[in-house]
Amino acid sequence: MSDVQRGSGGGAFPFEVATKKCGQAEQWSAALQMLRDGIRSGGKVLRGQYIATVSACRKGGQWQRALVLLSEMGESKLEPDVISYNAGISACEKGGQWQRALALLSEMRDSKVDPCSQL
C-alpha cells in the first residue's frame, strides 16, 4: 500500500480521501487504479469515488479518461449528477476541448440535471 493510501497510523484512508490525495499529487493513474480495484473486488463503488477519480484525471490532463469514467458511471447505474458533469466539463476545459464541454452541458440538460442546482 502506498503512502497515499495509508493514514498516519498505518490504516487505510477512505477511498475518496486517498483518491483526492492522488489528484493533489497529480497521480491520476493511481486514482484510476484504486477505482478499478474497487470495481473488480465487487465492493460498492459510490458516485463520490467516480467524481474523485474524474477530478484526479482532470488535474492530470486526462480529459479522455474523465469522459470514459462519466460514461461508466451511467453504465453502473450511478447516474452522473451536477458535480460529476462539472468535473467532466472542467476536464474538457483544461484539455482545450470546448466542443466536448458544450456536449456535456447538453447531455446534462437532456438528463434533466440542472446545471445550477449546486449554486
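Given the structure is predicted, the values throughout are model-derived calculations rather than measurements. (Residues numbered from 1 in each chain as written. Predicted model: local features only at pLDDT ≥ 70, side-chain atom pairs only at ≥ 80, totals over all residues. Heavy atoms only, no water.)

Peer 1: How should I be thinking about the overall build of the chain in this particular structure?
Peer 2: Secondary structure assignment for the chain yields six helices and zero strands. Scanning the chain from its N terminus toward the C terminus, one meets helices and strands in the order α-α-α-α-α-α. Counting all 119 residues of the chain, 35% fall into the buried class. Intrachain contacts of the chain at a sequence separation of at least 6 include 50% that bridge at least 24 residues. Summed over its atoms, the accessible surface of the chain is roughly 6900 Å², and 50% of this surface lies on carbon and sulfur atoms. (Helix = DSSP H or I, 4+ residues; strand = E, 2+ residues; numbered from the N terminus. Buried < 20%, exposed > 50% of the residue type's maximum accessible area, 1.4 Å probe, protein only. Contact = heavy atoms within 4.5 Å. Areas by Shrake-Rupley, 256 points an atom, 1.4 Å probe, with all protein chains shown as cover.)

Peer 1: Would you mind showing me how to read helix H6 (residues 98-110) here?
Peer 2: Spacing of three or four residues puts side chains on the same side of an α-helix, whose turn is 3.6 residues. Helix length check: H6 (13 residues) gives 18 Å between terminal C-alpha atoms against 18 Å at 1.5 Å per residue, within 8%. Those residues of H6 lying buried are Ala101, Leu104 and Met108. Summarising the axial view, the buried residues of H6 lie within an arc of 55°, below the 170-degree limit, and thus occupy one face. Turned more than 90 degrees away from the buried face of H6, the exposed residues are Arg109 and Asp110. Where the residues of H6 are buried, they touch helix H4 (63-75) and helix H5 (82-94). Among the residues trailing H6, Lys112 stands out with phi positive, at a value near 65°. (Expected span 1.5 Å × (residues − 1). Arc of directions from axis to C-beta.)

Peer 1: Help me out: how do you make sense of the pattern of salt bridges in this one?
Peer 2: Note that side chains of opposite charge can pair when their charged atoms are close. The full count for this structure, using the stated rule, is two salt bridges. Of the charged contacts in the structure, one is a salt bridge between Arg40 and Asp37, with a shortest N-O distance of 2.9 Å. With Arg40 and Asp37 both in helix H2 (residues 28-40), this residue pair falls three residues apart, about one helical turn. Looking at Arg40, the relative accessible area reads 60%, which means it is exposed. (Salt bridge = Lys/Arg side-chain N within 4 Å of Asp/Glu carboxyl O.)

That is the geometry; function is a separate question.
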